[in-house]
Amino acid sequence: MPSFAGSAAEPPLADSYYALLRRYGLDNDDGDDAADTAAAAVQPVVAECELPMIDVGCLTTRGGSEEEVAACAAAIARAAEEWGFFQVRNHGVAPELLDAMRREQARLFRLPFEDKCRGGLLNDSYRWGTPTATSPGQLSWSEAFHVPLAGVSSGGSGGCNFGDLTALRDVTREVAGAMSKLAGTLARVLAEAAALPDRRDAAEERFPEGCDETTCFLRLNRYPACPVSPDGAFGLVPHTDSDFLTVLCQDHVGGLQLMKGARWVAVKPIPGALIVNIGDLFQAWSNNRYKSVEHKVMTNATTERYSVAYFLCPSYDSPIGTCQEPSPYRTFTFGEYRSKVQEDVKKTGKKIGLPNFLV
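Residues numbered from 1 in each chain as written. Predicted model: local features only at pLDDT ≥ 70, side-chain atom pairs only at ≥ 80, totals over all residues. Heavy atoms only, no water.

A.B. asks: With reference to specific residues and values, describe the overall build of the protein.
C.D. replies: Each helix and strand in the protein was counted, giving 11 helices and 13 strands. Put simply, of all contacts in the protein between residues at least 6 apart along the chain, 78% involve residues at least 24 apart. Accessible surface computed for the protein: about 16400 Å², of which carbon and sulfur atoms make up 50%. (Helix = DSSP H or I, 4+ residues; strand = E, 2+ residues; numbered from the N terminus. Contact = heavy atoms within 4.5 Å. Areas by Shrake-Rupley, 256 points an atom, 1.4 Å probe, with all protein chains shown as cover.)

A.B. asks: Before we move on, could you go through the packing of aromatic side chains and cite the residues and values that matter?
C.D. replies: Within this structure, the stated rule accounts for 14 aromatic pairs. Here the aromatic rings of F113 and W128 are separated by 5.7 Å at their centres, their planes lie at 80 degrees, and the arrangement is edge-to-face. Taken together, the residues F113 in helix α6 (residues 113-118) and W128 in strand β4 (residues 126-128) connect sequence positions 15 residues apart. By the ring-pair criterion, three or more aromatic residues cluster together here, those being F109, F113, Y126, W128, F145 and Y306. Sitting over the ring of W83, K260 keeps its end group 4.5 Å from the ring centre. Its end group placed over the ring of W264, K296 keeps NZ or CZ at 4.1 Å from the ring centre. (Phe/Tyr/Trp six-rings, centres within 6.5 Å; stacked < 30°, edge-to-face > 60°. Lys NZ or Arg CZ within 6 Å of the ring centre and 35° of its normal.)

A.B. asks: Residues and numbers for the confidence of the model for the protein, please.
C.D. replies: Mean pLDDT over the protein stands at 87; residues scoring 70 or higher make up 86%. Here residues 1-5 is a poorly scored stretch, pLDDT under 50, and it has 13 contacts once near neighbours within four places are set aside; other chains count. (pLDDT = per-residue confidence, 0-100.)

A.B. asks: Explain the environment of G235 to me, using residue names and the numbers behind them.
C.D. replies: For G235, the position within the fold is in strand β7 (residues 234-239). Since its relative accessible area comes to 0%, G235 is described here as buried. In this structure, the C-alpha to C-alpha distance between G235 and L256, residues 21 residues apart in sequence, is 9.1 Å. Setting aside residues up to four positions removed in sequence, G235 forms contacts with S140, W141, S142, Y223, V297, M298 and T299. (Buried < 20%, exposed > 50% of the residue type's maximum accessible area, 1.4 Å probe, protein only.)

Below, the structure is given as structure tokens:
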């Protein structure tokens, strides 16, 4: 078995990987089977693509004409229908802020693994690998802090524990606030586009109901270089997002792939742009007009990758509702949805998601 000795900061991903290989009798002394298995998990990629790019400056600055705002809203809705993903520029999240986030994020993940696991850091939100994995193809080669924003936005005893990382605390609050503003703006535009004419004012003013700075999440991701396969392995296994909307800042390394026309395509990183994708809740609310698209992250054999994701989520007791009746889905709350996803993953290793809630 190959040996991959890492620093004290690295999570024991290779140990988990080879334990899963041994479980299936796939491991041998020279590691060839490990590389073959990792390569087999990688589906062919058609090509690197550029997602629809939308200038949302007229929305974020409120300085556009009525015609510009209408054209921008139409482009957003069209991308949500056809791709489920799009990119935005002039989004209102300052590049200097994102650069600071990247620096502090790297400093966070360089902490010793034991401190990340058991130090109570960021309110014990640290995650690595895939605890429920039962085969190598279910293992995510990554580590992350999945931070509830309720603690980030508050101070005192109820606040999030950043320890000595005061710079990280400050930049996290700023990034969360800026991404929250952008996500709310985009969500209201999409809601207005999908709602019936007599419900558009309500959709624009209140949507998404049950979402605020205390119900959403910020996920700080790191994808270590993956030496087990020259062709890469899953940084995040194929999945859809269980929220309304996700706003993602990825670095220059790349690795994000999405399903388009029953084939995987790689998303080309564009400096300064943010990626936005539709989540399961928005697909349900829009009666399947907007698409929550399966996507994954592939690792790099030699280079680590960082990203920050903002998840627009309602409170657990919020009913998801619909833009118009009849809906193909029965009524359910966000809490019910999350519980069912967790139950399915624990039982089968896979998320089933929206099909569980069809009428």
